[in-house]
Amino acid sequence: MDKSTRFHPRLSPVNGKPILLGFDGADMSSDAGLTLLREIERQDDLAGRLAACIADARDPARVQHGLAEIVRFRIMMIAAGYEDGNDAADLRHDPGFKLALERGPETGAALCSQPTISRMENLADMRALIRMGREMVQVYCQSFAQPPGRIILDIDDTFDAVHGHQQLRLFNAYYDEYGFQPIVVFDGDGRLVGALLRPARRPKGAESAAHIRRLIRQIRRHWPRTEILLRADGHYATPQVLDLCDTLGLRYVFGLPKNSRLAEHILPLEASTAARYARKPGQKLRRFKTFFYAARSWSKTRRVIARVEVSPNGRDTRYIVTNLEGGRGKHLYEKLYSARGQAENHIKAWKTHLASDRTSCSKATANQMRLMLHGAAYWIWWKLRAACPKKSPWRRAQFDTLRLHLAKLAATIVEKKTRIIVTLPASCPQQGLLRLLFDALAPPG
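Just so you know, these numbers come straight off a predicted model, no measurement behind them. (Residues numbered from 1 in each chain as written. Predicted model: local features only at pLDDT ≥ 70, side-chain atom pairs only at ≥ 80, totals over all residues. Heavy atoms only, no water.)

S.K.: What is the right way to read the overall build of the protein from this model?
M.R.: A tally of helices and strands in the protein yields 15 helices and 14 strands. Overall size of the protein, expressed as C-alpha extent along the three principal axes, is 80 × 60 × 50 Å. Within the span of the protein, comprising 445 residues, buried residues form 49% of the whole. The contacts in the protein between residues at least 6 apart in sequence include a share of 63% that link residues at least 24 apart. (Helix = DSSP H or I, 4+ residues; strand = E, 2+ residues; numbered from the N terminus. Buried < 20%, exposed > 50% of the residue type's maximum accessible area, 1.4 Å probe, protein only. Contact = heavy atoms within 4.5 Å.)

Printed below as a string of structure tokens:
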């Protein structure tokens, strides 16, 4: 990279000593922590696996940037907090990014430009995206050392506002905006299993059941004997989804929308709970009741758990439906179902910290491709967090906190004839954690 020596701003002196500032130092990067992310990406070859799903029609003799390299560059940009493809114009010369993409920081050619990234995002068709979805499920399954006895899958959807004329966009009256409403699936430990772009409306029962069926089919190709438990909000407790779970042998704990027939089962409990609270007001009072109920649209009677709560804010009653036979209602609601709230934090990490709602392409397939790229970036950060010491606060840190402390590191990068030297400041505040992570992620041999 060209070094400029002409700019010398006038600065206030310190203790009578003038301050000289210039841009003529050695090549540096403000994202030296990408060397950590590079080791994780190399282990799973996320970019290579996604790129292999796309047919590349370019003339091999004229290709300067391989498809896997373009995908890898975009994933690394997202992971480092550069949500806009236009940032490639500057980052393509950054020595930290060049090092992360297996190019010499000084002698290596510049990385791809923004137009090349845009063409990559628009290259995948529906068949390629289906293959990518299967590949991401395989990445999920291979993240376990051995098939687990049971997994918990949290299914949710999230609103994604758009401001153009993208395919599949739809006006949502609740949010008073046009947008998408992707369905995302995480497991109980926060691993991303899949993300599906769709219009901004609540999914109907047939659509939810079809998505779940495809996902379970892919998981069971790897784990035919693993027990699968589904958790979701009330609008997933449709007759189609409930019957599908019974057919496929899936366990489930779903929220259940209120109605007058359900309320009849708990009128005495609500009255006695309110009376008990009136005698000793102040602290929240919560009670539970388990009963069996069959809606008209259901194919059979199912187990329902009601949670009645009275507090200074008033009375609140919620319901869940499950096919789990054992366990007290209090335990199933508070320990099992309520734990699905963690899915909101996972969505926040994927959507807010990694900008997965940057779905501004005009084609729906290109925006689905972006969800795949942001999903791969999520996987890299999830695996880096999982490599942190179990009892340390870093194991629970948000992705933006990890990025600030572990990726946004200034370093001098010098390429010599036989080696590349990355020099971090002696005052780097997280030296101990960085040393531990570099040891944990070191390649074998």
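Next comes the rest of the write-up.
S.K.: Just to check I follow, could you spell out a positive patch on the surface for this structure?
M.R.: On the surface, Arg127, Arg131, Arg134, Arg213, Arg214, Arg217 and Arg221 cluster together to form a positively charged patch. Secondary-structure elements contributing two or more residues to the positive patch are α7 (126-142) and α8 (205-222). Residue classification places arginine 214 among the partly exposed positions, given a relative accessible area of 42%. (Patch = residues over 30% accessible without salt bridge, like charges linked within 9 Å, V, L, I, M, F, W, Y side chains within 5 Å. Areas by Shrake-Rupley, 256 points an atom, 1.4 Å probe, with all protein chains shown as cover. Salt bridge = Lys/Arg side-chain N within 4 Å of Asp/Glu carboxyl O. Lys, Arg positive; Asp, Glu negative; His and termini not counted. Charge placed at Lys NZ, Arg CZ, Asp CG, Glu CD.)

S.K.: Which parts of the structure should I look at to understand the sheet that holds strand β1 (residues 28-29)?
M.R.: Hydrogen bonds between backbone groups are what pair the strands of a sheet, and the pairing can be parallel or antiparallel. The three strands lie next to each other as β1-β13-β14, forming an open sheet whose pairing is antiparallel. Looking at strand neighbours, the two that pair on one side only are β1 and β14 (420-423), the edges of this open sheet. For strand β13 (residues 411-415) and β14, the ladder comprises four bridges, and the chain directions are antiparallel. Within the sheet, the bridge partner assigned to valine 414 lies in β14 and is isoleucine 421. (Pairing = 2+ DSSP bridges.)

S.K.: How should the packing of aromatic side chains be read in this particular structure?
M.R.: Ring pairs (aromatic) are described by centroid distance and by the angle formed between their planes. One pass over the structure, following the stated rule, counts 15 aromatic pairs. Summarising the aromatic geometry, the rings of tyrosine 293 and tryptophan 298 are spaced 5.4 Å apart at their centres and angled 80° between planes, so their arrangement reads as edge-to-face. Relative accessible area serves as the criterion here: at 11%, tryptophan 298 is assigned to the buried category. The ring of phenylalanine 144 is capped by arginine 191, whose NZ or CZ atom sits 4.1 Å from the centre of that ring. Looking at arginine 302, its charged tip hangs above the ring of tryptophan 298, at a distance of 5.6 Å from the centre. (Phe/Tyr/Trp six-rings, centres within 6.5 Å; stacked < 30°, edge-to-face > 60°. Lys NZ or Arg CZ within 6 Å of the ring centre and 35° of its normal.)

S.K.: Would you take a moment to explain α8 for this structure?
M.R.: Along an α-helix, residues three or four positions apart point the same way, because every turn accommodates 3.6 residues. In this model, α8 (18 residues) spans 26 Å end to end at C-alpha, consistent with the 26 Å of a helix rising 1.5 Å per residue. Of the residues making up α8, those classed as buried are Gly205, Ser208, Ala209, His211, Ile212, Leu215, Ile216, Gln218 and Ile219. (Expected span 1.5 Å × (residues − 1).)

S.K.: Could you clarify how one ought to interpret the pairing of strand β2 (residues 150-157) in this entry?
M.R.: Side-chain positions along a regular strand alternate between the two faces of the sheet. Counting buried residues along β2, seven of its eight residues qualify, which places the element largely inside the surrounding structure. Across six bridges, β2 lies against strand β8 (residues 227-232) in parallel orientation. Each bridged residue has a counterpart across the sheet, and for isoleucine 152 the counterpart in β8 is leucine 229.

S.K.: Explain the side chain of aspartate 154 to me, please; I cannot follow it from the model alone.
M.R.: For aspartate 154, the location among the structural elements is in strand β2. For aspartate 154, a relative accessible area of 3% translates into the label buried. A polar side-chain atom of aspartate 154 sits 2.7 Å from a polar atom in the side chain of arginine 231. Contacts of aspartate 154, omitting those with residues within four sequence positions, involve Val184, Val185, Phe186, Asp187, Gly188, Arg231, Arg340 and Ala343. (Polar contact = N/O pair within 3.5 Å; in protein donor to acceptor, adjacent residues only side chain to side chain.)

S.K.: What's the story with the nonpolar core in this structure? I'm lost.
M.R.: Inside soluble globular proteins, nonpolar side chains tend to come together where they are buried. With 116 residues, the main nonpolar core has Phe73, Phe97, Leu153, Leu230 and Phe254 as its most contacted residues. Take this core: its biggest share by element is 13 residues, from helix α13 (residues 364-386). Not counting chain neighbours up to four residues away, the residues in contact with phenylalanine 254 comprise Leu230, Arg231, Ala232, Tyr236, Ala237, Val241, Leu242, Cys245, Tyr319, Ile320, Val321 and Tyr337. Counting 10 residues, the second largest nonpolar core, distinct from the first, contains Ile152, Ile305, Leu332 and Tyr337. (Core = buried A, V, L, I, M, F, W, Y, C linked by side-chain atoms within 4.5 Å.)

S.K.: Mind showing me how you'd approach the packing of helix α3 (residues 67-79) against helix α6 (residues 114-121) here?
M.R.: Axes are the key here: two packed helices are described by the angle between their axes and the distance separating the axes. Between α3 and α6, whose axes approach to 10 Å, the crossing angle comes to 105°. Regarding the angle of α3 to α6, the classification is roughly perpendicular. Residues Leu67, Ile70, Val71, Phe73, Arg74 and Met77 of α3 lie in contact with α6, whose contacting residues are Thr116, Ile117, Met120 and Glu121. Of the residues belonging to the contact of α3 with α6, the class tally is seven nonpolar, one polar and two charged. (Axes fitted to C-alpha atoms, helices over the stretch in contact; angles between N-to-C directions. Parallel < 35°, antiparallel > 145°, perpendicular 65-115°, else oblique. Nonpolar A, V, L, I, M, F, W, Y, C, P; charged D, E, K, R; others polar.)

S.K.: Would you mind going over unusual backbone geometry with me for this structure?
M.R.: In most cases, non-glycine residues show a negative phi, while peptide bonds are predominantly trans. Phi at glutamate 102 is positive, roughly 65°, even though this residue is not glycine. By the element assignment, glutamate 102 lies in the loop between α5 (95-100) and α6. The phi angle at alanine 355 is positive, at roughly 55°, despite the residue not being glycine. Topologically, alanine 355 is positioned in the loop between α12 (342-353) and α13. Classification of alanine 355 as buried rests on a relative accessible area of 6%.

S.K.: Would you mind going over the sheet that holds strand β9 (residues 251-256) with me for this structure?
M.R.: Ordered by their spatial adjacency, eight strands build an open sheet running β7-β6-β2-β8-β9-β12-β11-β10, and the pairing between neighbours is mixed. Every other strand in the sheet has two partners, leaving β7 (192-196) and β10 (285-293) as the edge strands with one partner each. The mean inter-strand angle of the sheet, taken between neighbouring strand axes irrespective of direction, is 20°. Seen against the sheet, α7 touches β2, β6 (183-187) and β7 and runs at an angle of roughly 165° to β7.

S.K.: How should the pattern of salt bridges be read in this particular structure?
M.R.: Pairs can form between side chains of opposite charge once their charged atoms are near each other. Inspection of every chain in the model, using the stated rule, returns 31 salt bridges. The partner of arginine 72 in a salt bridge is aspartate 45, with the nearest N and O atoms 3.2 Å apart. Of this pair, arginine 72 sits in helix α3 while aspartate 45 sits in the loop between α1 (34-44) and α2 (46-51); the two residues are 27 residues apart in sequence, bridging distant segments of the chain. Looking at arginine 72, the relative accessible area reads 15%, which means it is buried. We note a salt bridge from arginine 74 to glutamate 121, for which the minimum N-O separation is 3.5 Å.

Everything listed here is a matter of coordinates, which is why it stays silent on function.
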